[in-house]
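Secondary and tertiary structure notes
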Amino acid sequence: MSTGLNWQTEPGAPATVRAPELTDAAEARAWLAAVHGELRAGLHTHGAVYVRGLPVHSVADFALVRDELIPSRTPYREKATPRSDYGADVFSSTDLPAAQRIRMHNENSYTLTFPGLLLFGCLTAPDHGGATAVADCREVLRNIPEELVARMRAGGWTLNRSYSEHLSIDWRTAFAAGSGRAVERYCEEHLISCAWQADGTLRTTQLRPGIIRHPRTGDEVWFNHLAFWNAFSLDEDVRETLLSECGPAALPFNTGFGDGAPPTAEDIDALNHAYDKATVRRTWRPGDLLLVDNILAAHGRDAFRGDRKIVVAMGEPVELADCCPTVAPSPTPGPVIHHG
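Each value, and the rule that gives it
- Residues numbered from 1 in each chain as written.
- Predicted model: local features only at pLDDT ≥ 70, side-chain atom pairs only at ≥ 80, totals over all residues.
- Heavy atoms only, no water.
- Phe/Tyr/Trp six-rings, centres within 6.5 Å; stacked < 30°, edge-to-face > 60°.
- Helix = DSSP H or I, 4+ residues; strand = E, 2+ residues; numbered from the N terminus.
- Buried < 20%, exposed > 50% of the residue type's maximum accessible area, 1.4 Å probe, protein only.
- Salt bridge = Lys/Arg side-chain N within 4 Å of Asp/Glu carboxyl O.
- Pairing = 2+ DSSP bridges.
- Contact = heavy atoms within 4.5 Å.
- Axes fitted to C-alpha atoms, helices over the stretch in contact; angles between N-to-C directions.
- Right-handed = clockwise from strand over helix to strand, strands pointing away.

1. Considering the packing of aromatic side chains
The full count for this structure, using the stated rule, is 8 aromatic pairs. Relative to Trp 284, the ring of Tyr 50 lies with its centre 5.3 Å away and its plane at 40 degrees, an arrangement referred to as tilted. Pair noted here: Tyr 50 is in strand S3 (residues 48–52) and Trp 284 is in the loop between strand S16 (279–280) and strand S17 (289–293), with a separation of 234 residues, a long-range link. Taken individually, Tyr 50 and Trp 284 each receive the classification buried, so the pair is uniform in this respect.

The structure is reproduced here in structure tokens:
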């Protein structure tokens, strides 16, 4: 079996390799084993690698090739979006509505241990749209105004969550916990402050670094959910409805700078523009895989029409402490940082 890869690089699309003619998932796994080293080298160069044309038709097929590309699995911690669990640590990419675009983000950037690798697979391609877009976080960092980079480097960012069965994931699902005490223990161990509300709901806050270095390549990257979960990234009508119903303190998600100060609308626009400039995509076809280095590349989802079944697996856990964070994680915002 030939093992040389023919890399296809073109503007607006992720680096892509085409698989040879293979009969089944077992042959696909054998081919991936033969080219694994070259794929990983390409991943460090490009941040994400698209593999086109594999005979991957089912969850079982996907799990088989996953075990070759990502032998060590990572659990889905501090859940934030609804997913279907297909077993064997294979999930739906997300169960959010088809008309809703999902902005660029790094998976679990707010946790102390996060997946180093993500693998997406297309079992059913939508009629229109629905690409899993990716953005090189080295380029994102270069695209961001210097003032915002300096502020993030010095102070990090804060995530505030309010868990509700009606507007977001409830705390039992988010923390895979059966009791409030179990949640409190998790939060204490993972540097998260938590507060129970009079109605039994939970609110949490955590301070995290937003700029880290890849533990293998040494590349510095923009790695956070500051823009993704900020209220200004919501559609205006959705934002106004949520603020009217919940108030700022009880939004399902909201973010701030490391001192707790909220970003301006202009700040969030600048960050989202930096992601958009770095974003590339390729239209899904059944059997395609997308391997993403979760530190070097952010990912998102375009809105779509028609049936779409994209599965995902996560693995190669990475400790935040091994990534040269510019700010130490904490359960509470840090001191006010003066700029200018």
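2. As for the pattern of salt bridges
Pairs can form between side chains of opposite charge once their charged atoms are near each other. Throughout the structure, instances matching the rule amount to 17 salt bridges. Within the structure, one salt-bridge network assembled from shared partners comprises Arg 66, Asp 67, Arg 73 and Asp 89.

3. Regarding the sheet that holds strand S4 (residues 85–87)
Taking strand neighbours across the sheet as the criterion, the 8 strands line up as S1-S2-S3-S17-S7-S20-S5-S4 in an open arrangement whose pairing is mixed. With one partner strand each, in any of the chains shown, strand S1 (7–8) and S4 form the two edges of the open sheet. Pairing geometry for S3 and S17, over 4 bridges, is antiparallel. Bridging from a neighbouring strand, Val 49 pairs with Leu 291 of S17. The strands touched by helix H1 (residues 25–46) are S1, strand S2 (15–18), S3, strand S7 (113–124), S17 and strand S20 (309–319); relative to S3, the strand with the most contacts, the crossing angle is about 145 degrees. Relative to the sheet, helix H2 (residues 59–69) contacts S4, strand S5 (90–92), S7, S17 and S20, its axis offset from that of S7 by approximately 145 degrees.

4. Re the environment of Thr 81
Turning to its location among the elements, Thr 81 is positioned in the loop between H2 and S4. When the C-alpha atoms of Thr 81 and Phe 120 are compared, they prove to be 17 Å apart, with 39 residues separating the residues in sequence. With residues up to four places along the chain from it excluded, the contact list for Thr 81 reads Tyr 76, Thr 94, Leu 96 and Ile 169.

5. Digging into H2
Of all the 11 residues making up H2, 8 are buried; the element is thus mostly covered by neighbouring parts of the structure. Those residues of H2 lying buried are Val 59, Asp 61, Phe 62, Ala 63, Val 65, Arg 66, Glu 68 and Leu 69. Buried-residue contacts for H2 involve H1, S4, S5, S7, S17 and S20.

6. Some details on unusual backbone geometry
In this model, Glu 78 sits at a positive phi of 45 degrees, which is unusual for a non-glycine residue. Locating Glu 78 in the fold gives a position in the loop between H2 and S4. On the accessibility criterion, Glu 78 (3% relative accessible area) is buried. The phi angle at Glu 316 is positive, at roughly 50 degrees, despite the residue not being glycine. Inspection of the secondary structure assignment puts Glu 316 in strand S20.

7. Structural notes on the pairing of S3
In terms of burial, S3 is a largely internal element, 5 of the 5 residues being buried. On S3, burial covers both faces: Ala 48, Tyr 50 and Arg 52 on one face and Val 49 and Val 51 on the other are all buried. Pairing between S2 and S3: 4 bridges, direction parallel. Along S3, the bridge assignment pairs Thr 16 with Tyr 50. Taken together, S2, H1 and S3 constitute a β-α-β crossover, and its handedness is right-handed.

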